[in-house]
Amino acid sequence: MAEVILKDVKKIYNAEKHGHEVIAVHDFNLHIKDKEFVVFVGPSGCGKSTTLRMIAGLEEISEGTISIDGTVVNDLQPKDRDIAMVFQNYALYPHLSVFENMAFPLRLKNAPQDEVYKKVTEAAEILGITEYLTRKPRALSGGQRQRVAIGRAMVRDSKVFLMDEPLSNLDAKLRNQMRAEIIMLRQKIDSTFVYVTHDQTEAMTLGDRIVIMKDGYIMQVGTPDEVFDMPDNLFVAEFIGAPKMNTIKTSLVKEDDKYYVTPFGTKLVVDGLKGDALKEKNVEAQDIILGVRPEHVSVTNEADENAIKCKIKVNEMMGSEVHLHVETEDGTSLIVRVPTAELSHEERTKLLAGNDIYITFKAHVMHMFDVESEKNLLV
């Protein structure tokens, strides 16, 4: 296995007809440790697949260096980089059986027949596709084809596994199943993984660390807990989490050595760890963007101090929880996630569209961002 190091990597496309260059990836720096599972995530066009393809050697590197296991691979062909890649569209040979599709990279290396048989059958056993080895790809479901593609990568015994949105062609139920199988696969083969997805749920469940990208730039690198609990900026805060974080333009005020935020005419004290961090950084009173995740908003009753009155516009019943799209008296739209397990019938009827409710939230769930830079004030 191996570490992967990207240093000052840039990808520039020459757009001659437009008379200017297009920079797809800007000054990308990342150290992926041996046996680490790193996920690149971001919206379409952010440069995540382009970066993966540069690691694989399928895209030329415009500037910078990429090293795999201590060797600079900028000028090496993909076949010489000792990597295995799983593509979004499976890329299986339709005329070959599952066995021969998985054996193909071993055949290219003229591996002995007994080695081919051993590695293919072992990979098929791990992936649960032994019974399909004699079938052609057209006789398989999407999930089974993806297992074959992963198995073909496994038999190579490569230093690094690269996966480019391997689950995006599957339906929601199958994606959930395959996510769990990739986690178990990783535990069995204990390799270095670099995985690309646009799905933040995949990123959070699979990655040891997540690289969040936007417009070719790295916005944050961190563990799932770090990017969720302490996003570096507003983009990361809104991208990670579903439904996305509620954002409110308000003020941070300081009185008698205490900090308060004042959304919708209320005055909420920022105490505990968040308050201590503001004091330690000696943050000035200022206009801010306040962020609160939908699951951290509590539905309360009218009598509670500093409760915010809202009208329910939409009630989305999700089964284990209900998503309430609400509007405050000044017209601000928010989303509230309410678990349904312990709600009585009477409580549920209060959450119907058109009804008024009151919401509140505590200091420890607040995120505060600079209005201009959109940086987290506590990072």
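J.: Go over the packing of helix H3 (residues 113-127) against helix H4 (residues 142-154) with me, naming the residues and quoting the values.
T.: Their axes nearest at 9 Å, the elements H3 and H4 cross at an angle of 135 degrees. In terms of orientation, H3 lies oblique with respect to H4. Of the two elements, H3 crosses H4, and the hand of that crossing is right-handed. The residues of H4 that touch H3, namely those facing Ala-123, Ile-126 and Leu-127, are Arg-147, Ile-150, Gly-151 and Met-154. Looking at the contact of H3 with H4 residue by residue, the class counts come to five nonpolar, one polar and one charged.

J.: Give a description of the sheet that holds strand E10 (residues 217-222) that names residues and reports values.
T.: One open sheet accounts for six strands, arranged E6-E7-E8-E3-E9-E10; its pairing is mixed. Among the strands making up the open sheet, the edge pair consists of strand E6 (83-86) and E10. The average angle at which neighbouring strand axes cross in this sheet is 15 degrees, direction not considered. Pairing between strand E9 (residues 209-214) and E10: five bridges, direction antiparallel. Bridge pairing links Ile-212 to Gln-220 in E10. Each of E6 and strand E7 (160-164) touches H4; the most contacted strand, E6, lies at about 175 degrees to it. Along the sheet, helix H5 (residues 172-189) contacts strand E3 (37-41), E7 and strand E8 (192-197); its crossing angle with E8, the most-contacted strand, is approximately 160 degrees.

J.: Which residues make up the packing of aromatic side chains, and what are the values?
T.: Working definition: an aromatic ring pair is given by the centre-to-centre distance plus the angle between the planes. Summed over all chains, the structure comprises seven aromatic pairs. Ring geometry for Phe-99 against Tyr-117: centres 6.4 Å apart, planes inclined by 35 degrees, an arrangement best described as tilted. Residue Phe-99 is found in helix H2 (residues 98-108), and its partner Tyr-117 is found in helix H3; the two are separated by 18 residues along the sequence. Its end group placed over the ring of Tyr-260, Lys-267 keeps NZ or CZ at 4.7 Å from the ring centre.

J.: Any chance you could break down the nonpolar core for me, citing the residues and the numbers?
T.: Counting 47 residues, the largest nonpolar core has Met-102, Val-120, Ile-150, Met-163, Ile-182, Tyr-195 and Ile-212 as its most contacted members. Contacts of Met-163, omitting those with residues within four sequence positions, involve Leu-52, Val-86, Ile-150, Ile-182, Phe-193, Val-194, Tyr-195 and Val-196. Leu-278, Val-283, Val-297 and Ala-363 belong to the second-largest nonpolar core, a separate cluster that totals 31 residues.

J.: Residue-level account of the pattern of salt bridges, with values.
T.: Under the criterion given, the structure shown has 19 salt bridges. Residue Lys-79 pairs with Asp-80 through a salt bridge whose shortest N-O separation is 3.4 Å. You can call Lys-79 exposed: its relative accessible area is 65%.

J.: Mind laying out the pairing of strand E19 (residues 356-360), listing which residues take part and the relevant values?
T.: Where burial is concerned, most of E19 is hidden: four out of the five residues are buried. Here strand E16 (residues 308-317) pairs with E19 via four bridges, running antiparallel. Bridged to Lys-309 within E19 is Tyr-358.

J.: Residues and numbers for the packing of H2 against H4, please.
T.: Between H2 and H4, the least distance of the axes is 7 Å, while the angle of their chain directions is 30 degrees. Put simply, H2 runs roughly parallel to H4. Considering the relative orientation of H2 and H4, their crossing is right-handed. The residues of H4 that touch H2, namely those facing Val-98, Asn-101, Met-102 and Pro-105, are Val-148, Gly-151 and Arg-152. Its residues assigned to classes, the contact of H2 with H4 shows four nonpolar, two polar and one charged.

J.: Run through the sheet that holds strand E15 (residues 298-300), naming residues and quoting values.
T.: Strands sit in the order E15-E19-E16-E17-E18 across an open sheet of five strands; the sheet is antiparallel. The sheet is open, and its two edges are formed by E15 and strand E18 (333-339), each paired on a single side. With strand direction ignored, the average angle separating the axes of adjacent strands in the sheet is 50 degrees.

J.: Account for the pairing of E6, with residues named and values stated.
T.: The two faces of E6 match: Ile-83 and Met-85 on one face and Ala-84 and Val-86 on the other face are all buried. When E6 meets E7, the two strands line up parallel, connected through four bridges. Following the sheet pairing, Ala-84 is matched in E7 by Phe-161.

J.: If you had to explain the environment of Glu-165 to someone new, which residues and values would you point to?
T.: You can see Glu-165 is positioned in the loop between E7 and H5. A relative accessible area of 12% places Glu-165 in the buried class. Considered as a pair, Glu-165 and Phe-40 are 125 residues apart in the sequence and their alpha carbons are 9.9 Å apart. Every residue in contact with Glu-165, bar those within four places of it in the chain, is listed here: Lys-48, Ser-49, Gln-88, Val-196, Thr-197 and His-198.

About the criteria used
- Along each chain, numbering runs from 1 in the same order as the chain's sequence is written.
- For this predicted model, a pLDDT threshold of at least 70 governs which residues receive local features, and a threshold of 80 or more governs which side-chain atom pairs are given and counted, while totals over whole chains, interfaces and linings are taken from all residues.
- Side-chain metrics in this entry use all non-hydrogen atoms of the structure; hydrogen atoms and water are not considered.
- Geometry is summarised by axes, namely lines fitted to C-alpha atoms with helices restricted to the contacting stretch, and by angles between N-to-C directions that run from 0 to 180 degrees.
- Under the scheme used here, helices are H or I runs from DSSP no shorter than 4 residues and strands are E runs no shorter than 2 residues, and both carry numbers assigned from the N terminus.
- Any angle between 65 and 115 degrees counts as roughly perpendicular, while under 35 counts as roughly parallel, over 145 as roughly antiparallel, and the rest as oblique.
- Two helices cross in a left-handed way if the nearer one is turned anticlockwise from the farther one by less than a right angle. They cross in a right-handed way if the turn is clockwise.
- Whether two residues are in contact is decided by their heavy atoms, any of which lying within 4.5 Å being enough.
- In this classification, the charged set is Asp, Glu, Lys and Arg, the nonpolar set is Ala, Val, Leu, Ile, Met, Phe, Trp, Tyr, Cys and Pro, and all remaining amino acids, among them Gly, are polar.
- Paired strands, in this sense, are two strands between which DSSP finds at least two bridges.
- Classification of ring pairs rests on two measures: the distance between centres of Phe, Tyr or Trp rings, Trp counted by its six-membered ring, which must be within 6.5 Å, and the angle between planes, read as stacked under 30 degrees, edge-to-face over 60 and tilted in between.
- Geometrically, a charge over a ring is one whose NZ (Lys) or CZ (Arg) sits within 6 Å of the ring centre while staying within 35 degrees of the ring normal.
- In plain words, nonpolar cores are sets of buried Ala, Val, Leu, Ile, Met, Phe, Trp, Tyr and Cys residues tied together by side-chain atoms within 4.5 Å.
- A simple rule labels every residue: compare its accessible area, found with a 1.4 Å probe on the protein chains alone, to the largest value its type can have, and call it buried under 20%, exposed over 50%, or partly exposed in between.
- For salt bridges, the criterion is a side-chain nitrogen of Lys or Arg within 4 Å of an Asp or Glu carboxyl oxygen.

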